[in-house]
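Observations on the model geometry
Chain by chain, the residues run as shown.
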Amino acid sequence: MFDFHIPTAFLIIGLLYLILPTVTWIVLADQRSVQVALWCGGGLMIGIAGILTGMTVKLPGVPLSAYFLIAANFARMQSLRLDLGLPSRTRTLVTAIILFFSCFEFLHLVLLDALWRVRFNAAVNAALIFYLAALAQRIGKTEQSRSAYWISGVYSFVGIGLLLRLVTVGQDGGPINLIGDGWSTQVLALAVVLSSVMGHVGYVGMALDRSRRREIQAAADQARKEESLRLSAQIAHLDRQRSLGQMSASLGHELKQPLTAILTNAQVAQRGWQSGALDTQRLGVFLDKIVHNTQRASQIIERIRDYIRPSQERSEPVMLNHVVHEVVALVADDALGKQIHIELPAMEPPVWVMGDPIALSQIVLNVFRNAIDALADAQKRDIVVECDKEKTWATLRIRDSGPGVADNLLSQVGTPFFSTKTTGMGMGLSISRTIAEQYGGKLTLRNTAAGQGSGAVVELTLPLLLAPTP
Ligand code: ADP
C-alpha cells in the first residue's frame, strides 16, 4: 500500500506531536485554561510515545510508550469533558490508569503474552480514541463548531487504524507490537499523522470559535443590560408621573404656608402704605419677608420639578468610598456645628460600583442629612460609616446613634410622603431607593441590633464592579 520506513514514520509523528502542541499552547496564549493545558500536555505525551515507539526497534521490550499513550488519551478525554462541563473525577481517572497498567503488566510480566498485550493496548486505546471522537462530535453539535467535527473525523480514522492493528497483529508476519510493519501499520501511521495536524489545527479553531462566541455573547449581554437600564429609567419615570396626583396635593399643602405669608405681608404693607402709617424702613422689612417666602416657594417647586424630570441615566465605574468622602466634606461643617462626630473607616478597600456619581451622591447626602436630623436631640452624637465588599456586593452602611425609628413606623419609612419631621417632605428615602434599584441595588433602613432607641442603620447595597477601568 504505502511504502515508508515505519520506525522513521513514528519518529516523525513523535516530533510533530512535540512541536504542534507547543505551537498550539503559544497560539492560544490568551485563552489558556486547564482544558488547553490538558490537550497540549496530552499532545506532548503522544509525542514522547511516538518517539519511544519509533525507537522500539532499537530498544525492544520497552513498554513505556504504552504508558505515555494511555495517559495522553485520558488527558485529552478530560480536556474535552471539561469543555462540555462534564469533568471526570480525578480519582476515577487515576483508578482507570492504574487498572490499565496492572492488566498491561500482568500480560507482560506474568503471562509473558506479547500478542494479547498488544491487542489489549490497541483495544483500550481504540475505545478511548472513539470516545474522544464522540466527545468532539458532541462539542461540534452543542457549539456548532466545524473544527470540533474535524477533530471527531480524524480521531475516528485513528480509531479505525487501531482496530485494524488489533485484528492483524501477529497475522501479517510483522513484529508483535503496536506498530508492526504491515499495511495496517501504514494505515495507522497515516491516520496518526493526520490526527497530529488536524487535531491541533482543529483544536485552535475550536478555541477561537469559542472565544468569538463569548465576545458576541458579552456584546449581547451588554446590549441587554443597557436596554434594561433604559427601561428601568422609563419605569421609574412613569412611577414618578403616577405619583403626580399625590404630589400635587402635597405641593398645595407645602406651598400654602409661604403663599399665605406672602399675601399677608403684601396686604399689611399695602394697607400701611395707603394709610401713610408705614415708613420705608418697615416697608423694607415686609418686602424682605415677601422675597424670602417667594424664594421658599420656588425652592419647593424646584424640588418637586427635580423629582418629576426624567433624568438622563449615566452609568460609569464609580468608587463608592470616593462618593462618601465627597459627601462627608459637604456636611462636615453642619455636623461640626451640631457637635456630631463622623467616623470614617481608617483603612478601607477600594469599592467600585456602576452608576451615576451624582445620583449616588444624592442617595448618600440624603442618608447623612437624615442621620444629622435624627441626632438633633441625642445625647451621644455619632455617625459611623463602613464601606465594604461582601461577595458580589458593595455595601455602604451608615449608622447613627439617634433614636431610630419606632417599630410600628418602620414599614412606612421610605414610602413616598412618609415623614416624621414637621418640615419634611418624605420623599428623600423614596427617591434614593428608586435610584439604588435603577443600578441593581437596594437601600434599607433598620434599627441597630441593640433595638429601637439606640440608632438607625441605613444600608446601600449595589452590585460590585470586580474589574474597574478607571
Ligand atoms: P424626610 O427627611 O423629608 O422626612 P425621608 O424620606 O428622607 O424624608 O425620610 C423619611 C422618614 O424616615 C423621616 O421623616 C424619618 O422619620 C425616617 N428616617 C430616615 N432616616 C432616619 C434616621 N437616620 N433615624 C431615624 N429616622 C429616620
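Residues numbered from 1 in each chain as written. Predicted model: local features only at pLDDT ≥ 70, side-chain atom pairs only at ≥ 80, totals over all residues. Heavy atoms only, no water.

Unusually for a residue other than glycine, Gln-339 sits at a positive phi of about 55°. Mapped onto the elements, Gln-339 comes out in the loop between α10 (320–337) and β2 (341–343). We note that Lys-391 has phi near 55°; this positive angle belongs to a residue other than glycine. Assignment of secondary structure puts Lys-391 in the loop between β4 (382–390) and β5 (393–400). (Helix = DSSP H or I, 4+ residues; strand = E, 2+ residues; numbered from the N terminus.)

A few words now on the sheet that holds β5. Across the sheet, five strands lie side by side as β2-β4-β5-β7-β6; this open sheet has mixed pairing. Edge positions in the sheet fall to β2 and β6 (442–447), since each of these pairs with one other strand and no more. Across the sheet, the mean angle from the axis of one strand to that of its neighbour is 15°, orientation sign disregarded. As defined by bridge partners, β4 adjoins β5 across eight bridges and the pair is classed as antiparallel. Bridge assignment links Cys-387 to a residue of β5, and that residue is Leu-396. Contacts from helix α12 (residues 428–438) reach β6 and β7 (456–463) within the one sheet, and its direction differs from that of β6 by about 135°. (Pairing = 2+ DSSP bridges. Axes fitted to C-alpha atoms, helices over the stretch in contact; angles between N-to-C directions. Contact = heavy atoms within 4.5 Å.)

Turning our attention to the site of the ligand. Taken together, 20 residues form the shell around the ligand, and within it Asn-370, Ser-419, Thr-420, Lys-421 and Leu-429 come nearest. With respect to the ligand, the side chain of Ser-419 contributes an N or O atom lying 2.7 Å from an oxygen atom. Leu-429 places a main-chain nitrogen or oxygen 2.7 Å from an oxygen atom of the ligand. If the ligand stood free it would expose 530 Å²; the protein chains cover 92% of that surface. Mapped onto the shell around the ligand, the elements with two or more residues apiece are α11 (357–374) and α12. With four residues, α11 is the largest single contributor of residues to the shell around the ligand. Here the shell around the ligand is composed, by residue class, of 10 nonpolar, eight polar and two charged. (Near = heavy atom within 4 Å. Polar contact = N/O pair within 3.5 Å; in protein donor to acceptor, adjacent residues only side chain to side chain. Areas by Shrake-Rupley, 256 points an atom, 1.4 Å probe, with all protein chains shown as cover. Nonpolar A, V, L, I, M, F, W, Y, C, P; charged D, E, K, R; others polar.)

Interpretation note: all reported values are geometric properties and have no functional meaning in isolation.
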